[in-house]
Amino acid sequence: MPELPEVETIASRLAAHLPGAVIESVHIHRADIIHHGGETVASGLTGMRVAAVDRHGKRLFVRLDGGDLVVHLGMTGWLTLLPASEPVLPHTHVRFAFTGRTDELRFRDPRRFGGIWFFGAGENGQAQRLNTLGPDALSIRVPVLRTLLKRRRQIKALLMDQQAISGLGNIYCDEALFSARIHPLTLAAALSESQVRNLACAIRKVLRASIRSGGTTISDYRGADGQQGDFQNRLRVYDREGGPCTRCGAKIRRILAAGRSTHYCPRCQKRRR
């Protein structure tokens, strides 16, 4: 599933190429993918100009002069800016064409867990949705993280809670906890001050490293240019069960935490009761 680095990679490319583009037409191949208050939108977007593209957590925002498009990639979503002449792949549900341009923005999602929501100017729906998200993981700082961790929840479960911290999923939770030497089943409230500091640093470090690599492609993810990421070649624990720890050589283990397969090093990430 695309997490913060993958969405950031897409947002950065679109932010460099989309502002100023005017929507000429919207081709919707599945009526349940793009929404407005629960209703499908099409012609209402025509003529709107793209003002900016940005991101919060795993959600991407295309700011228009008449409202905002909020994109959630779900498990298998792609948002690509491609030449209109390129073949349209199966499961491409929405295409945005722009006036005077030869490229188009395409939303593809084979499993259809994602979607696009439109909020017109003056609507408070977008603000309400944003308010359900916690602080962005890429900019998390020690004082904020310290406050969030004062809960008797397993640290892996808390980090994956988007209302607590926005942007982290299974991959980067495992990688950040490994980097900070914290067992994924540790209670958040039991972390020492030094562990909180190490974790805040590890989260930012891992996310930035993945962004520099264009994100992680395990199976479906592609960037806005249709290319795979490269960070999967730099993962240290995620999906490496039985492989050697890159730090101490111990075998990486897999357990269930927060309802998800979780990978860690039993020697580097000892559980202290």
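Because the structure is a prediction, the values reported are computed rather than measured.

Definitions and limits used
- Residues numbered from 1 in each chain as written.
- Predicted model: local features only at pLDDT ≥ 70, side-chain atom pairs only at ≥ 80, totals over all residues.
- Heavy atoms only, no water.
- Buried < 20%, exposed > 50% of the residue type's maximum accessible area, 1.4 Å probe, protein only.
- Helix = DSSP H or I, 4+ residues; strand = E, 2+ residues; numbered from the N terminus.
- Pairing = 2+ DSSP bridges.
- Contact = heavy atoms within 4.5 Å.
- Axes fitted to C-alpha atoms, helices over the stretch in contact; angles between N-to-C directions.
- Polar contact = N/O pair within 3.5 Å; in protein donor to acceptor, adjacent residues only side chain to side chain.
- Salt bridge = Lys/Arg side-chain N within 4 Å of Asp/Glu carboxyl O.

Engineer: Looking at this structure, I do not really get the pairing of strand β9 (residues 115-120). What am I missing?
Structural biologist: Taken across its six residues, β9 has five buried, putting it largely inside the fold. Note that strand β2 (residues 34-35) and β9 share two bridges and pair parallel. By the bridge assignment, I34 is partnered in β9 with I116.

Engineer: So what exactly am I meant to see when it comes to the pairing of strand β10 (residues 253-257) here?
Structural biologist: The side chains of a regular strand alternate, first on one face of the sheet and then on the other. Here β10 runs beside strand β11 (residues 260-264); their pairing, made up of five bridges, is antiparallel. Within the sheet, the bridge partner assigned to R253 lies in β11 and is Y264. Connecting β10 to the antiparallel partner β11 that follows it, the hairpin turn spans two residues, and A258 within it adopts a positive phi of roughly 55°.

Engineer: Sorry, what's going on with the sheet that holds β9 here?
Structural biologist: Sheets are built from strands paired through backbone hydrogen bonds, the pairs being either parallel or antiparallel. Strands sit in the order β2-β9-β5-β4-β3 across an open sheet of five strands; the sheet is mixed. What marks the edges here is a single partner per strand, and that holds for β2 and β3 (50-56). Of the strand pairs in this sheet, strand β4 (residues 59-64) and strand β5 (residues 67-72) are connected by six bridges, and their pairing is antiparallel. Residue pairing for β5: R63 is matched across the bridge by D68. Where helix α1 (residues 4-17) meets the sheet, its contacts fall on β3 and β4, and the angle it forms with β3 comes to roughly 165°.

Engineer: What's the story with the side chain of Q269 in this structure? I'm lost.
Structural biologist: Here Q269 lies in the segment after β11. The buried category is assigned to Q269, whose relative accessible area is 1%. Among the polar contacts made by the side chain of Q269, one reaches the main-chain carbonyl oxygen of I182 at a distance of 2.8 Å. Side-chain polar atoms of Q269 contact the backbone nitrogen of C265, separated by 2.8 Å.

Engineer: Which parts of the structure should I look at to understand the sheet that holds strand β6 (residues 78-83)?
Structural biologist: The strand order across the open sheet formed by four strands is β1-β7-β8-β6, and the pairing between neighbours is antiparallel. Unpaired on one side and paired on the other, β1 (23-28) and β6 mark the two borders of the sheet. Sheet twist, expressed as the average angle between the axes of neighbouring strands with direction ignored, equals 20°. Examined bridge by bridge, strand β7 (residues 92-98) and strand β8 (residues 103-108) share five bridges and lie antiparallel to one another. In the strand pairing of β8, V94 is matched with F107. Lying over the sheet, α1 contacts β6 and β8, oriented at roughly 35° with respect to β6.

Engineer: What is the right way to look at the pattern of salt bridges in this model?
Structural biologist: It is possible for side chains bearing opposite charge to pair when their charged atoms get close. A complete count under the given rule lists 14 salt bridges for this structure. The partner of R95 in a salt bridge is E104, with the nearest N and O atoms 3.3 Å apart. The buried category is assigned to R95, whose relative accessible area is 16%. The closest approach of N and O atoms between R101 and D103, which form a salt bridge, is 2.8 Å. We classify R101 as partly exposed; its relative accessible area is 28%. Here D103 falls in the buried class, since its relative accessible area comes to 18%.

Engineer: I'm lost on unusual backbone geometry in this one. Help?
Structural biologist: Backbone phi values are negative for most residues with the exception of glycine, while trans is the configuration of most peptide bonds. Of note in this structure, R112 is not a glycine but carries a positive phi near 60°. Within the fold, R112 resides in the loop between β8 and β9. A relative accessible area of 41% places R112 in the partly exposed class. Phi at D239 takes a positive value of approximately 60°, unusual for a residue other than glycine. Among the structural elements, D239 can be located in the loop between α6 (193-212) and β10.

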